[in-house]
Amino acid sequence: MSTLSNLAPIPELYVSYESAQKLKVEAASLKSHDLSPRQICDLELLMNGGFNPLKGFLGEADYNGVVENMRLADGSLWPMPITLDVSEDFAQSLEIGEDIALRDQEGVILATMTVTDSWEPNKSVEAEKVFGADDIAHPAVDYLHNQTGKIYLGGPVTGIQQPVHYDFRARRDTPNELRAYFRKLGWRKIVAFQTRNPLHRAHQELTFRAARESEANLLIHPVVGMTKPGDVDHFTRVRCYEAVLDKYPAATTSMSLLPLAMRMAGPREAVWHGLIRKNHGLTHFIVGRDHAGPGKNSQGEDFYGPYDAQDLFKEHQEEMGIEMVPFKHMVWVAERAQYEAIDEIEDKDDITILNISGTELRRRLAEGLEIPEWFSFPEVVKELRRTKPPRADQGFTVFFTGFSGSGKSTIANALMVKLMEMGGRPVTLLDGDIVRKNLSSELGFSKEHRDLNIQRIGYVASEITKNGGIAICAPIAPYATTRRQVRQGIEQYGAFVEVHVATSIEECERRDRKGLYKLAREGKIKEFTGISDPYDVPESPELRVETEGTDVDNCAHQVILKLESMGLIKG
């Protein structure tokens with residue numbers, strides 16, 4: 001296979017400036033779909049050629065081919081379904097052949113799409129084939145089942161303008177802009193390093209080696225679209241990359257940001273990343289051990305084997321036209337004061353091998369412990385400490401859940417007073433009844449409205465947490481799926497402590513201060529949790545408290561002890 005880049009421009013889906021202005025006016029009369037953050041990432045790479053040869057969101061035949069055997073209907077290799085998921089109501093309002101406007105979340109029109117296909121996918125089959133398991137421990141499977149719309153629309157896209165990015169604008173390049181840059185510099189062999197994590201010294205060593213072994217220039221090409229929930233935010237990561245860029249030779253290294261929404265699909269994702277990099281003019285691609293792996297499944301085992309991604313990439317690299325550079329696992333050899341590839345060390349028994357895992361790094365940051373200079377650059381550690389201060393200085397959320405009348409609000413109030421007595425951080429109580437009155441007064445008690453109410457509570461709590469405060473939430477929150485979504489939203493910014501107030505339904509009914517259970521038994525209140533509507537008992541909350549025979553002060557004290565043990569407050 002050729003390892004010299006063909007840097008001719010690739011097709012984009014944008015129309016000319018004049019046509020775009022005309023289309024914007026015409027689109028005012030079209031039905032509109034407001035894109036989700038993931039769909040905006042997908043659309044940007046569709047329009048700028050990053051997803052070439054796709055001409056729009058996949059139709060049903062292409063979707064089926066991709067799901068079943070990683071091929072479009074015409075036989076082209078493409079491993080990832082790029083679909084426009086919408087609500088059933090919106091889909092039913094459309095006719096095949098109709099044009100729709102695709103808008104960002106502020107209502108700015110980015111593109112139009114001609115609807116050629118509309119169908120209801122089998123999401124379990126998609127999960128099984130694309131991600132290897134229909135297991136919601138996988139973030140993309142969770143997203144597929146709990147966040148995507150019921151119907152997929154397919155059809156060609158006409159690009160009007162790219163999404164606006166106000167951050168790191170000088171670092172964002174389309175495939176054709178990168179190709180022009182490589183042409184200008186005379187680069188013919190370029191190896192890409194894909195990352196969604198900050199760069200540490202081991203990464204620097206392996207990128208140096210990859211460039212040297214493939215006799216290529218280096219493009220550091222981090223993902224700044226959507227990554228795995230819980231990852232370091234891209235603002236911090238890019239500041240970390242910029243802090244260490246001068247450790248690389250400027251004449252042979254560059255950096256560009258990729259607005260990709262990752263799926264964490266392991267082997268298929270590696271092939272997808274390779275095709276995207278080929279479109280950006282790259283000739284070589286570093287594929288890591290467990291590349292784009294999401295971690296553990298519901299049984300506590302890795303979703304993918306450590307070298308599955310490398311194997312699948314190798315199988316298709318000839319057809320893709322981009323060569324794999326396998327990731328070496330680099331470790332620090334104390335006696336020689338240098339990084340070496342672990343599989344190349346022959347005297348393992350006679351030396352001290354050091355390594356810090358991602359989990360260990362997060363623990364050290366959370367507890368304010370030392371991060372040795374052999375592991376990372378002081379500039380990177382400084383940036384990470386700014387974003388991730390020790391846990392006792394971070395915001396967090398305590399989320400009580402349980403039946404009506406279980407004692408959630410009473411314990412939450414007692415906890416609020418105890419935390420305010422300790423001082424140090426602002427404390428906000430988001431009680432179910434208070435939120436209903438002030439934030440959700442127009443909502444009823446259907447499942448959809450209950451979910452919306454909890455999502456609003458979660459949003460407010462995430463903002464409080466992000467800004468270093470303490471949010472105490474005390475809704476019923478009967479559905480596990482919604483609680484998990486709230487957890488994911490909050491854990492981007494700080495700890496989420498779920499407390500199940502495990503009072504039995506019989507005891508709650510006996511207390512029944514508001515007479516609600518009586519009305520529910522008489523059928524006068526519909527969809528009442530525990531009577532005519534289910535309650536998903538939390539499987540593994542951070543804390544479970546029993547209120548029967550235990551006074552409120554003791555219950556609140558149990559929560560305080562838990563917060564201390566997690567390092568969130570100091571005793």
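Scroll up a little and you will see the structure.
Per chain, residue numbering runs from 1 following the sequence as it is written. The predicted origin of the model limits local features to residues at a pLDDT of at least 70 and limits the giving and counting of side-chain atom pairs to 80 or more, whereas totals for whole chains, interfaces and linings rest on all residues. Hydrogens and waters are ignored; side-chain quantities use all the structure's heavy atoms.

## A look at the packing of aromatic side chains
Pairs were defined over the aromatic rings of Phe, Tyr and Trp, the Trp ring being its six-membered one, requiring ring centres within 6.5 Å. Orientation was assigned from the angle between planes: stacked under 30 degrees, edge-to-face over 60, tilted for the rest. All told, the structure shown has 18 aromatic pairs when counted by the stated rule. Aromatic side chains Phe 51 and Trp 78 sit 5.6 Å apart centroid to centroid with 70° between the ring planes, which places their arrangement in the edge-to-face category. Placement of Phe 51 in the loop between helix H2 (37-47) and strand E2 (56-57) and of Trp 78 in the loop between helix H3 (60-69) and strand E3 (84-86) is noted, with a sequence separation of 27 residues between them. Buried means the residue's accessible area, taken with a 1.4 Å probe over protein chains only, is under 20% of the maximum for its type, while exposed means over 50%, and partly exposed covers the values in between. Taking the relative accessible area as the measure of exposure, Phe 51 reaches 0% and is therefore buried. Residue classification places Trp 78 among the buried residues on the basis of a relative accessible area of 0%. With a centroid separation of 5.8 Å and an interplanar angle of 15°, the aromatic rings of Phe 182 and Trp 187 are classed as stacked. This pair shows no difference in class: Phe 182 is buried, exactly as Trp 187 is. Here the aromatic cluster, defined as three or more aromatic residues joined through ring pairs, consists of Trp 332, Tyr 339, Trp 374 and Phe 375. Here a helix means four or more residues in a row that DSSP labels H or I, a strand means two or more in a row labelled E, and each is numbered from the N terminus.

## Overview of the pattern of salt bridges
Salt-bridge detection follows one rule: a side-chain nitrogen of Lys or Arg within 4 Å of a carboxyl oxygen of Asp or Glu. This structure, assessed with the given rule, holds 30 salt bridges. Close ionic contact of Glu 68 with Lys 129 constitutes a salt bridge, the shortest N to O distance being 3.3 Å. Here Lys 129 lies in helix H5 (residues 123-131) and Glu 68 lies in helix H3, a separation of 61 residues in the sequence. Across the pair Arg 196 and Asp 231 runs a salt bridge, and its minimum N-O distance is 2.6 Å. Taken together, the residues Arg 196 in the loop between strand E8 (190-193) and helix H8 (201-213) and Asp 231 in the loop between strand E9 (217-220) and helix H9 (234-244) connect sequence positions 35 residues apart. Here Arg 196 and Asp 231 have matching classes, each one buried.

## So, the nonpolar core
For our purposes a nonpolar core is just a set of buried Ala, Val, Leu, Ile, Met, Phe, Trp, Tyr and Cys residues, chained together by side-chain atoms within 4.5 Å. Within the largest apolar cluster, 73 residues are counted, with the highest numbers of intra-cluster contacts made by Phe 51, Trp 78, Leu 102 and Leu 153. Of all hydrophobic cores here, the second largest spans 36 residues; its members include Ala 210, Cys 240, Val 325 and Trp 374.

## Quick word on the packing of H5 against helix H6 (residues 139-146)
Here an axis means a line fitted to C-alpha atoms, over the contact stretch when the element is a helix, while the angle between two N-to-C directions is reported on a 0 to 180 degree scale. Taken N-terminus to C-terminus, the directions of H5 and H6 make an angle of 165°; their axes are 10 Å apart at the nearest point. Considering their axes alone, H5 and H6 lie roughly antiparallel with respect to each other. The handedness of the crossing between H5 and H6 comes out as right-handed. Only Ala 140, Val 141, Leu 144 and His 145 of H6 make contact with H5, whose side of the interface consists of Lys 123, Ser 124, Glu 126, Ala 127 and Phe 131. Each residue belonging to the contact of H5 with H6 can be placed in one class, and the counts come to 5 nonpolar, 2 polar and 2 charged. Angles below 35 degrees are treated as roughly parallel, those above 145 as roughly antiparallel, those between 65 and 115 as roughly perpendicular, and all remaining angles as oblique. We call a crossing left-handed when the near helix sits turned anticlockwise from the far one by less than a right angle, and right-handed when that turn is clockwise. Residue contacts are counted whenever heavy atoms from the two residues lie within 4.5 Å of one another. Residues were grouped as follows: Ala, Val, Leu, Ile, Met, Phe, Trp, Tyr, Cys and Pro as nonpolar; Asp, Glu, Lys and Arg as charged; and all remaining residues, including Gly, as polar.

## A word on the environment of Thr 148
In this fold, Thr 148 is placed in the loop between H6 and strand E7 (151-159). Note on Thr 148: relative accessible area 11%, which makes it buried. The residues touching Thr 148, leaving out its near neighbours within four places in the chain, are Arg 38, Asp 85, Lys 123 and Tyr 143. Polar contact is the term for a pair of N or O atoms within 3.5 Å; when the atoms are in protein, one must be able to donate a hydrogen and the other to accept it, and sequence-neighboring residues count only if both atoms are side-chain atoms. Among the polar contacts listed, one links the side chain of Thr 148 to the side chain of Lys 123, at a separation of 2.8 Å.

## A closer look at the sheet that holds strand E17 (residues 427-431)
Being paired, for any two strands, means DSSP has found at least two bridges between them. Strand order in the open sheet formed by 5 strands is E17-E18-E16-E19-E20, with parallel pairing between adjacent strands. At either end of the open sheet lies a strand with only one pairing partner, and these are E17 and strand E20 (543-545). Looking at each pair of strands side by side, their axes are set apart by 20° on average, direction ignored. Most of the contacts of helix H17 (residues 480-491) go to strand E19 (residues 495-501), to which it runs at about 150°, and overall it touches strand E16 (396-401) and E19. The strands touched by helix H20 (residues 552-565) within the sheet are E16, E19 and E20, with E20 carrying the most contacts at an inclination of about 170°.

## Re the pairing of strand E12 (residues 323-326)
Both strand E11 (residues 284-287) and E12 contribute to a ladder of 4 bridges, which runs parallel. The partner of Ile 286 across the bridge, within E12, is Val 325. For the crossover that starts at E11, traverses helix H11 (residues 308-320) and ends in the parallel E12, the hand is right-handed. The crossover handedness rule: strands pointing away from the viewer, path from first strand over the helix to second strand clockwise, crossover right-handed.

## Looking at helix H10 (residues 266-279)
Expected helix span is taken as 1.5 Å per residue step, with the number of steps being one fewer than the number of residues. Under the 1.5 Å per step criterion, the end-to-end length of H10 is 20 Å for 14 residues, consistent within 8% with the ideal 20 Å. Counting buried residues in H10 gives 13 out of 14 residues, a clear majority hidden from the surface.

## A short note on the sheet that holds strand E14 (residues 338-341)
One open sheet accounts for 3 strands, arranged E14-E13-E15; its pairing is antiparallel. Pairing within the sheet leaves two strands with one partner each, and these edge strands are E14 and strand E15 (353-354). Bridge count between strand E13 (residues 330-333) and E14: 4 bridges; the pairing is antiparallel. Among the inter-strand pairings, Met 330 is bridged to a residue of E14, identified as Ala 341.

## Re the side chain of Arg 450
In this structure, Arg 450 sits in helix H16 (residues 447-466). In this structure, Arg 450 is in contact with Arg 436, Phe 445, Pro 478, Tyr 479, Glu 527, Phe 528, Thr 529 and Asp 533, ignoring residues within four places of it in sequence.

## Some points on the packing of H9 against helix H13 (residues 378-387)
Two quantities define a packed helix pair, namely the angle between the axes and the distance from one axis to the other. Between H9 and H13, whose axes approach to 8 Å, the crossing angle comes to 160°. Regarding the angle of H9 to H13, the classification is roughly antiparallel. Note on packing geometry: the crossing formed by H9 with H13 is right-handed. The segment H9 lies against H13, with Thr 236, Arg 239, Cys 240, Ala 243 and Val 244 engaging Glu 379, Val 380, Glu 383, Leu 384, Arg 386 and Thr 387. Class assignment of the residues belonging to the contact of H9 with H13 gives a composition of 5 nonpolar, 2 polar and 4 charged.

## What about the environment of Phe 235?
As for its position among the elements, Phe 235 is in helix H9. Looking at Phe 235, the relative accessible area reads 40%, which means it is partly exposed. As for Phe 235 and Ile 345, which are separated by 110 residues in sequence, their C-alpha atoms are 37 Å apart. In this structure, Phe 235 is in contact with Asp 167 and Phe 168, ignoring residues within four places of it in sequence.

## As for helix H12 (residues 358-366)
If you check which residues of H12 are buried, you get Leu 361, Leu 365 and Ala 366. Seen along its axis, H12 keeps its buried residues to an arc of 135°; they face one direction. Sitting at the amino-terminal end of H12 is Ser 357, which places a side-chain oxygen 3.0 Å from the backbone nitrogen of Glu 360. With its phi angle positive at about 70°, Gly 368 sits one or two positions after the end of H12. The arc in question is formed by the directions pointing from the helix axis toward the C-beta atoms.

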